[in-house]
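# Chains, contacts and geometry: an overview
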Amino acid sequence: TTEIYTLSLHDALPISHRWFVVGVAAVLPLVACAVLSLFRDVVANTNAALGLVLIVVGAAATGSRAAGVVAALSGAAWFDFFLTAPFTTFAITDQADVETAVLLVLVGLGVSEIALWGRRQQDRASRERGYLDGVVTAAATVGAGRTSTDTLVERVCGQIVDVLGVDRCRFDTGTDAAMATLHDDATMTYDGRPYDPERLGLPTDCEIAVAARSGGLARGRFLLTAATRVARPSGEQLRVVSALADQVGAALAAPVGDGRPCGRR
């Protein structure tokens, strides 16, 4: 089965490692400011502040907002302590140094958010590529005709579970009306009324039907269960699921091999 759901680095890190990253983000500005204090006469405070911003960017690049925020606040505090007069105190007497410290925090927080935004965009692009790979793989399987219908349905079920984060997916050859239905245009109805799964989450009290269509006719349906947690898929994810289901519909319109769809009743 093609894996088409990805996690950001921050989500993939164990909790203990996340705290380690935050701890490093807090300590690095302290070390940097202590070292820079040895060269106060030759290094301007503005240059030192720019160096601290680089540390903040590095912390934010780990994918942890907490690490970026901690690095920015730590940088401002130790910049004040080591590099502004009176030294080795948290008091600042020079207005220019006050402005630099404040700007360090603001720029650090801003850069942290920009870095996190870039990382989210990268994760989104990775997910989109994975979604496309899943659909292309299913289409290639149908076109090649080398896989039984059971195997194709099982593979697509696994991909749907990965895309939506639901608990279970099964295939049914029936076409009866369902309490919750995902339509081809990625819209959903629940009890006959429009339903927004991205805002409200997928229904947890019933199976969600996704028709497997070919030539405008339903050849069966996937029934999804999302009972143990609330999943809020985007419109993009719902369109991918509809496209995957239609690949199975195409295979059922021209059956490959003598396999029987999984879950057929």
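Please read all numbers here as calculations on a predicted model, not as lab measurements.

Checked against the element boundaries, Asp-80 lands in helix 4 (residues 65-83). Although Asp-80 is buried, it makes no salt bridge; Arg-40 carries the closest opposite charge, 11 Å away. Discounting residues that sit within four places of it in the chain, Asp-80 has contacts with Thr-89, Phe-90, Ala-91 and Ile-92.

A few words on the sheet that holds strand 2 (residues 180-182). With mixed pairing, the 6 strands of this open sheet are ordered in space as 1-6-5-2-3-4. Strands with a single pairing partner mark the edges of an open sheet, and in this sheet they are strand 1 (168-172) and strand 4 (193-195). The sheet shows a mean angle of 30° between the axes of neighbouring strands, taken without regard to direction. Relative to strand 3 (residues 188-190), strand 2 is paired through 3 bridges, and the arrangement is antiparallel. Across the sheet, residue Thr-181 finds its bridge partner in strand 3, namely Thr-189. Sheet strands in contact with helix 6 (residues 149-164) are strand 1 and strand 6 (217-225), and its direction is about 140° off that of strand 1. Together, strand 1, strand 2, strand 5 (208-214) and strand 6 form the strand contacts of helix 8 (residues 235-253), whose direction differs from that of strand 5 by roughly 50°.

Further remarks concern helix 8. Look at helix 8: 27 Å from first C-alpha to last across 19 residues, which is about the 27 Å you get at 1.5 Å a residue. What helix 8 keeps buried is the set Gln-237, Leu-238, Val-240, Val-241, Ser-242, Leu-244, Ala-245, Gln-247, Val-248, Gly-249, Ala-251 and Leu-252.

Here the focus is the packing of helix 6 against helix 8. Running from amino to carboxyl end, helix 6 crosses helix 8 at an angle of 175°, the nearest separation of the two axes being 10 Å. Here helix 6 lies roughly antiparallel to helix 8, going by the angle between them. Contact residues: Thr-149, Leu-152, Val-153, Val-156, Gln-159, Ile-160, Val-163 and Leu-164 in helix 6; Gln-237, Leu-238, Val-240, Val-241, Leu-244, Gln-247, Val-248, Ala-251 and Leu-252 in helix 8. Looking at the contact of helix 6 with helix 8 residue by residue, the class counts come to 13 nonpolar, 4 polar and no charged.

To continue, consider the nonpolar core. One finds Ile-160, Leu-164, Leu-202, Phe-222, Leu-224 and Val-248 to be the most contacted residues of the largest nonpolar core, which totals 32 residues. Those elements giving two or more residues to this core turn out to be helix 6, strand 1, strand 2, strand 5, strand 6 and helix 8. Ranked by the residues each element gives to this core, the list is headed by helix 8, at 8 residues. Listed in part, the 14 residues of the second largest apolar core include Val-53, Phe-79, Leu-104 and Val-105.

Turning to the pattern of salt bridges, a few remarks are in order. A side chain with one charge can pair with a side chain of the opposite charge if their charged atoms come near. Applying the stated criterion to the full structure yields 6 salt bridges. Residues Arg-193 and Asp-191 are paired through a salt bridge, measuring 3.8 Å at the closest nitrogen-oxygen approach. Residue class for Asp-191 comes out partly exposed when judged on its relative accessible area of 43%. Across the pair Asp-196 and Arg-199 runs a salt bridge whose closest N-O atoms are separated by 3.9 Å.

Turning our attention to unusual backbone geometry. A cis amide bond links Ala-85 to the next residue, Pro-86, at an omega of -10°. Turning to its location among the elements, Pro-86 is positioned in the loop between helix 4 and helix 5 (95-144). Not every positive phi belongs to a glycine, and Ala-186 is a case in point at roughly 70°. Note that Ala-186 resides in the loop between strand 2 and strand 3. Of note in the backbone geometry, Asp-191 takes a positive phi value of approximately 55° without being a glycine. Following the sequence through the fold, Asp-191 ends up in the loop between strand 3 and strand 4.

Overall, the coordinates contain 7 aromatic pairs when judged by the stated rule. Between Phe-171 and Phe-222, the aromatic rings sit 5.0 Å apart at their centres with planes inclined by 70°, giving edge-to-face as the arrangement. Of this pair, Phe-171 sits in strand 1 while Phe-222 sits in strand 6, and the two are 51 residues apart along the sequence. Phe-222 shares its class with Phe-171; the two are buried. A connected cluster of aromatic rings, assembled from ring pairs, spans Trp-78, Phe-81, Phe-82 and Phe-90. Against the face of Phe-87 rests Arg-40, its NZ or CZ located 4.0 Å from the ring centre.

Cut-offs used in this document
Residues numbered from 1 in each chain as written. Predicted model: local features only at pLDDT ≥ 70, side-chain atom pairs only at ≥ 80, totals over all residues. Heavy atoms only, no water. Helix = DSSP H or I, 4+ residues; strand = E, 2+ residues; numbered from the N terminus. Buried < 20%, exposed > 50% of the residue type's maximum accessible area, 1.4 Å probe, protein only. Lys, Arg positive; Asp, Glu negative; His and termini not counted. Salt bridge = Lys/Arg side-chain N within 4 Å of Asp/Glu carboxyl O. Contact = heavy atoms within 4.5 Å. Pairing = 2+ DSSP bridges. Axes fitted to C-alpha atoms, helices over the stretch in contact; angles between N-to-C directions. Expected span 1.5 Å × (residues − 1). Parallel < 35°, antiparallel > 145°, perpendicular 65-115°, else oblique. Nonpolar A, V, L, I, M, F, W, Y, C, P; charged D, E, K, R; others polar. Core = buried A, V, L, I, M, F, W, Y, C linked by side-chain atoms within 4.5 Å. Phe/Tyr/Trp six-rings, centres within 6.5 Å; stacked < 30°, edge-to-face > 60°. Lys NZ or Arg CZ within 6 Å of the ring centre and 35° of its normal.

Interpretation note: all reported values are geometric properties and have no functional meaning in isolation.
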